[in-house]
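If you want the building blocks of each chain, they are given just below.
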Amino acid sequence: MIRIAAETPWYELFSRGARDWLRHNQKVREAVKGSLPEILSGDDLLSAPGGNRTVMVPVKFLEHARFRLAEAASQQGAGQGRGEPGDVLQPGRQEGERAAQSGGTENGEIRFVVEMKLDEIIDWVWEELKLPDLKPKRTSTMDEPDYVREGWDRRGARSRLDRRRTMKEAVKRRAIQENPVAIVNEDLRFRQLVKRPTPSTNAAVMFALDVSGSMDEAQRKLAKQFFFFALQGIRRQYAKVETVFLAHAAQAWEFEEREFFQASSSGGTVSSCVFQLGLEVMRTRYDPGRYNVYFFYASDGENAAEDREPAAAALKSLAELTNYAGYVETGGIATFRPRETQLAEMFHELQAAGMPVGMSPLGSQDDVWRAIREFFKERAADD
Amino acid sequence: MTELEQYADSIEQLARRLGLDYYDVDFEVAPASLMTEIAVYGLPVRMPHWSFGVRYIHQLVRQSMGHSKIFEVMFPGDPCRAFLMDGNSLADNTLVTAHVLGHADFAKNNELFARFHAMAGGNIVEHAAAHAQRIQQAIDSFGLEKVEAVLDAALALESHVDVGGELHRARYAEFAPERKAARQTDFQKRFGQLPGTPEPLQQEPGPVRAAIPPHPEFDLLWFIAHYAPELEQWERDIFLAVRAESLYFYPVFACQIMNEGWASYWHARLLREADFLPQPLYVAALKSHSDVVRPYAAGQETALAINPYHLGFTLWEHVVDKHGMARAREVMHEEDDFGFIRNFLDRELADKLDLFVYEASSGDEIKVLNRDLDAIREAILAPKFNYGAPRVAVTELRNDGSLDLKHEHASDGRGLDLNRAKRVLDYTRRVWRRPVRLHTVNERGESHELAA
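These figures come from a predicted structure and were not determined experimentally. (Residues numbered from 1 in each chain as written. Chains lettered and ligands numbered in written order. Predicted model: local features only at pLDDT ≥ 70, side-chain atom pairs only at ≥ 80, totals over all residues. Heavy atoms only, no water.)

Q: Could you clarify how one ought to interpret the interface of chain A and chain B in this entry?
A: Across the boundary between the two partners, chain A contributes 56 residues, which contact 97 residues of chain B. Together, the buried faces of chain A and chain B total about 6,600 Å²; carbon and sulfur atoms form 53% of this surface. At the boundary of chain A with chain B, the tally comes to six salt bridges. For R66 of chain A, the salt bridge identified is with E158 of chain B, shortest N-O distance 3.1 Å. Counting every contact that joins chain A to chain B gives 27 residue pairs in polar contact (both at pLDDT 80 or more). Sorting the residues of the side of chain A that touches chain B by element identifies β1 (2-5), α1 (16-33), β3 (74-81) and β4 (88-90) of chain A as the ones contributing at least two each. Two elements, β3 of chain A and strand β7 (residues 355-361) of chain B, share seven bridges in a ladder whose sense is antiparallel. Paired with G77 of chain A across the two strands is Y358 of chain B, which belongs to β7 of chain B. (Contact = heavy atoms within 4.5 Å. Buried area = accessible area lost by both parts, 1.4 Å probe. Salt bridge = Lys/Arg side-chain N within 4 Å of Asp/Glu carboxyl O. Polar contact = N/O pair within 3.5 Å; in protein donor to acceptor, adjacent residues only side chain to side chain. Helix = DSSP H or I, 4+ residues; strand = E, 2+ residues; numbered from the N terminus. Pairing = 2+ DSSP bridges.)

In structure tokens:
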């Protein structure tokens, strides 16, 4: 007997396929964490305003692995149709064609794009690296007086009338009076303001980049990634963060972010000029008394020999004013160096003298994380 | 009664008259979304796993590109359960009803299907739903991550079951068969010791613990479920659930050509003899039939994969023509695809179907290799060996609890894909909780050991 059941509508209630698909996407997101630095290298990542920024990340499907035989040099199969032994059904591709094709999708593989919130990504990074939050300077000059609400008074400006409080007073009064009037002047309550010093929550971040001929594309890219994460770390902590981009070779310039990473110059390396420019910027725009200033510098470390003294002096005065000065040395691990570079020496000296500076080599993708961890750990230890 | 129900009833009476013998079939008309899910999961209600999500999207993409159309899904059992797609035309669904009856007949009478039916009972669909529910409970109590780790391992080893084995299989005997002490000959008795010394104590050898496993064990799911050093009960439950479902899928896998061919033969025959169907409906259904059993995609003259519906259908017509229906039913009872292809795909049929063996080289050049009959048969059957998976066996459970696996590369012809194998070991290790090693060969044929 064949029974044809009536349609059962519960199927429509939820889709198991969609449920497992969402779980897959969740796993993809987790997998993407591992390759964050490569993903985040857009043009205007650093200066674009914070908030709900997202990045689109192209990803492949996850594969649930099974035991499978290794790919054979040639595969046989059964087919059907015309053709004599030896007939070619599909010509082999030329080498050039194959290369061109592999740039697209391989084997009709489906790719898709996930949209990720930048803030979410940064939070992951901080969780992953177990980084502490930054603390603002606690010097008295940092304090910025602000008006804070505190208490009530019977007199005050109309705009600060606290209606809720006033009504409460009126209710209390009416409860003990006979034939009470709805509201009298004595019921009115006004909010009071007092002056309170609060720590400043503004930060300025200066990024300085050595653009002399010795810095190649890969080194700059690493520097850029490092800058990006350093900035994000600072953004997590401060309400308002402003950025300054300084580049230098034999002399220093200020740039917009967009041009910053394209800037290049032949000629020698004179680091003192960028430290001077940093000081200048602080003097004119970011008073260290009101701003938490961070200075990050990326260079390959080779400074002109005759610039040693001026650079050391400028760096010292810079380090005295900033919350922190960090230095990443590109190519540091990959290339063999007989000795410490001049800049590394300078930073080490300051560090030994107890100044808030730090340095880290930046030779590969992993070093970006190492540098971030180093700098932010030190900051917490200082406080 | 709807029109479809009327036709279905009449077709069924016709089928019984023509000798089809099957358990009742519950038909259900389901929306396209559910049909897609059933095709992806293999069962109407099945355990959750992210890998099904990937297959689901692939299926949706294929459907949206028109590469795949689902007509019916049928689950053998008592009763059988069949799902018809509500979007299909009356003609299509009439055809599908007849097709499903062919499957139902096959599932009741084929030896492989009947064997599983005898072991598991006829309600695996309900069992699978119960598995899914228990797994959901495990997720609620132990968390998704933990359950997923177990499913990652169990589903990765899904095909590694002993398809000839029992569903409920006992553990190995704990002790090796007792060995009798060697009998002493008179000569040994006399000269084995000096005269006057006391008789030596008769030492009983006592029971000897058997090695685990006593022989290379290919049923990896069963072995892990029973011998993993620290497996929780709910984890064992998941492994055994995956194993039960895998054993259920095996007959469908191993008899695909026969089964689809048998169902196609019967839907064609039932429709041909169903004089109660209106002519336009019959013509429309026949059109669907020829779409299903055609060898090539429209507008093409060769195909690099053989349509199992087409091959099976042609083979069954050939068998019925040549040997009669009684013999055909015998064949249907006894064989699986291996026997069916090797015994009944003959020269005449291979020529008629234009079958050939092709070779695809790494440069993507594909050429016709030959039309040798044995080569054709083996090329058709090659993807079906060992449930389509490489032969991997447990060789030793070491004293420290670590697990040794061995890939039988000699019979498989080459080594494993090392990358994937490593990941499967990683999955397995999380469940086994001790080191896991796998011996195979690398691409140069040198011995290679992976460990996790």
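Q: Before we go on, may I ask you to explain the packing of aromatic side chains in this structure?
A: Two numbers describe a pair of aromatic rings. These are the distance of the centres and the angle of the planes. Counting across every chain of the model gives 34 aromatic pairs over all chains. Ring geometry for Y172 of chain B and F223 of chain B: centres 6.4 Å apart, planes at 45°, overall tilted. Of this pair, Y172 of chain B sits in the loop between α7 (144-156) and β4 (175-176) while F223 of chain B sits in helix α9 (residues 220-227), placing them 51 residues apart in sequence. Across the pair, exposure class does not vary: Y172 of chain B and F223 of chain B are buried alike. With centroids separated by 5.8 Å and ring planes inclined at 50°, the aromatic side chains of Y248 of chain B and F249 of chain B adopt a geometry described as tilted. Put simply, the rings of F207, F226, F227, F245, F296 and Y324 of chain A pair up and form one aromatic cluster. A cation sits over an aromatic face here: R165 of chain A above W152 of chain A, 4.2 Å from the ring centre. The side chain of K384 of chain B reaches across the aromatic face of F253 of chain B, ending 5.2 Å from its centre. (Phe/Tyr/Trp six-rings, centres within 6.5 Å; stacked < 30°, edge-to-face > 60°. Buried < 20%, exposed > 50% of the residue type's maximum accessible area, 1.4 Å probe, protein only. Lys NZ or Arg CZ within 6 Å of the ring centre and 35° of its normal.)

Q: I would appreciate a short explanation of the packing of helix α4 (residues 90-109) of chain B against helix α13 (residues 308-334) of chain B in the present structure.
A: Each packed pair of helices is defined by two parameters, the angle between the axes and the distance between the axes. All names here are of chain B. Where α4 meets α13, the closest approach of the two axes is 15 Å, and the angle between their N-to-C directions is 50°. Of the possible angle classes, the one that applies to α4 and α13 is oblique. Both α4 and α13 take part in a crossing whose hand is left-handed. On the side of α4, the interface is formed by H99, D105, F106 and N109, while α13 contributes Y309, R329, M332 and H333. Here the contact of α4 with α13 is built from residues that sort into three nonpolar, three polar and two charged. (Axes fitted to C-alpha atoms, helices over the stretch in contact; angles between N-to-C directions. Parallel < 35°, antiparallel > 145°, perpendicular 65-115°, else oblique. Left-handed = near helix turned anticlockwise from the far one by under 90°. Nonpolar A, V, L, I, M, F, W, Y, C, P; charged D, E, K, R; others polar.)

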